[in-house]
Each structure stands twice: as structure tokens, then as C-alpha cells.
Amino acid sequence: MPHSFGYRARTRHMFTRGFKEHGAVKLSTYFVPYKVGDIVDIKANAAQQKGMPHKYYHGRTGIITNITPSAVTVLVHKVVGNRYLAKRVNLRVEHVRHSKCRQEFLDRVAENSRKHREAKERGERVTLKRVPALPRDAHVVSTTDNAPMTIVPVPYETTI
């Protein structure tokens, strides 16, 4: 029998609630403040079918471009052929959450400003650039009190 091509086709596991997360949407979901320009992740919440995104947008990250009392408009870049299309998706707030993709960057900015301020008070310069991990230093392994061992596999035993 041929499969269906409906709007929610093949979303059996995608649109299910997580373990011990069934039931009504928490009220704290509605109190999260969103501003234009915020980066959000789209994750459909199966408890609210209104304003649910198409399965393509589930798991995508976008930027809020418009806010209404119960919904937001998210700008998502979609690959179509050989180009990117800027798609605007209207979603209820139950289906979006703030993205943590910039959190590491924001933490680093705060840490760098703190280091810069402290160095300025001491009157010295500090390097704030990220430095990749360098190779380990060379060293000689001594065989005194450290005899070399020959490693062999353990023979397979069939006794049960």
C-alpha cells in the first residue's frame, strides 16, 4: 500500500512529547520574553497543534522578525536547488525557544572584558585572542625501573 503524502506524514517520532513531558503546555512557556532579532530554535510541541511548523522547520534555527500576542515570525534560510531562500515562518510561542548557539560567544565576550579591565588597572597588556592547543612537549621515556612489556591478546576460552 503506498504511503501518504500529508502535511504531517512521517512525523511519528518527530512530533511526540518526550518521556515524562506529556500533558498540557507549562505556563512558563508563555512568559518567556522574545524580542525582534533574537535567535531561536524551532521545535514543534505536539500538545499544541495550532501554529505548528512544517516538519522541514523542526530543529532549525532562525531569527525573530515579527511578534504578535501569541506568535512570532521566524526567518529561516532554506536550501532550494543551488541557492538559499529566506523563508518567514509564523509560529506560536510553544514551538520556539531561545537558542544557546551564541551563549559560548557571549560568555567569552564577558570574560574578555573582565580580563581587559583588570589588565588596564594593573597597567599591562593582555592577549585576548583564542590560542589553539599546542602540541605536548618532547620528553624521553626511561627504561630504568620501567621494563618494556610485550602485550599479547588473551586467548579465547569457550567454557561456559
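What you see is a predicted model, and the numbers here were worked out from it, not measured in a lab.

Draft legend 1. Expanded view of the environment of Arg114. Within the secondary structure, Arg114 sits in helix H1 (residues 103-122). Look at Arg114 and you get partly exposed, because its relative accessible area is 31%.

Draft legend 2. Broad picture of the layout of surface pockets. There is about 510 Å³ of room inside the largest pocket. If you trace the largest pocket, you find 22 residues lining it, with Arg17, Glu21, Thr29, Asn45 and Arg97 closest to the centre. Among the residues forming the lining of the largest pocket, the class breakdown is 9 nonpolar, 7 polar and 6 charged.

Draft legend 3. Broad picture of the pairing of strand E3 (residues 71-80). Bridge analysis of strand E2 (residues 61-67) against E3 gives 4 bridges, and the strand direction is antiparallel. Bridge pairing in E3 places Ile64 opposite Val74. Between E2 and the antiparallel strand that follows it, E3, lie 3 residues. Of the strand pairs in this sheet, E3 and strand E4 (residues 83-92) are connected by 10 bridges, and their pairing is antiparallel. Counterpart to Leu75 in the pairing with E4 is Arg88. Here E3 hands over to E4 after 2 residues, with Gly81 in that stretch at a positive phi of 65°.

Draft legend 4. Looking closely at unusual backbone geometry. Unlike most non-glycine residues, Arg10 shows phi in positive territory, near 60°. Of note, Arg10 is situated in the segment before strand E1 (39-42). Overall, the relative accessible area of 54% leaves Arg10 in the exposed class. Despite not being glycine, Asp145 shows a phi value in the positive range, around 60°. For Asp145, the location among the structural elements is in the segment after H1. Its relative accessible area of 88% is what places Asp145 among the exposed residues.

Draft legend 5. A look at the sheet that holds E4. An order of E4-E3-E2-E1-E5 is seen for the 5 strands of this open sheet, with the pairing classed as antiparallel. Across the chains shown, the open sheet's two edge strands, defined by having one partner strand only, are E4 and strand E5 (96-98). Across the sheet, the mean angle from the axis of one strand to that of its neighbour is 45°, orientation sign disregarded. Summarising the sheet, E1 and E5 pair through 3 bridges and their orientation is antiparallel. From the neighbouring strand, Asp41 faces E5, where its bridge partner is Arg97.

What counts, and at which threshold
- Residues numbered from 1 in each chain as written.
- Predicted model: local features only at pLDDT ≥ 70, side-chain atom pairs only at ≥ 80, totals over all residues.
- Heavy atoms only, no water.
- Helix = DSSP H or I, 4+ residues; strand = E, 2+ residues; numbered from the N terminus.
- Buried < 20%, exposed > 50% of the residue type's maximum accessible area, 1.4 Å probe, protein only.
- 1 Å grid on protein atoms, 1.4 Å probe; cavity = no way out; pocket = protein on both sides within 12 Å on 5 of 7 lines; lining within 4 Å.
- Points joined across faces, edges and corners; volume = space filled by probe spheres on them.
- Nonpolar A, V, L, I, M, F, W, Y, C, P; charged D, E, K, R; others polar.
- Pairing = 2+ DSSP bridges.
- Axes fitted to C-alpha atoms, helices over the stretch in contact; angles between N-to-C directions.

Geometric descriptors of this kind do not, in isolation, establish any biological role.
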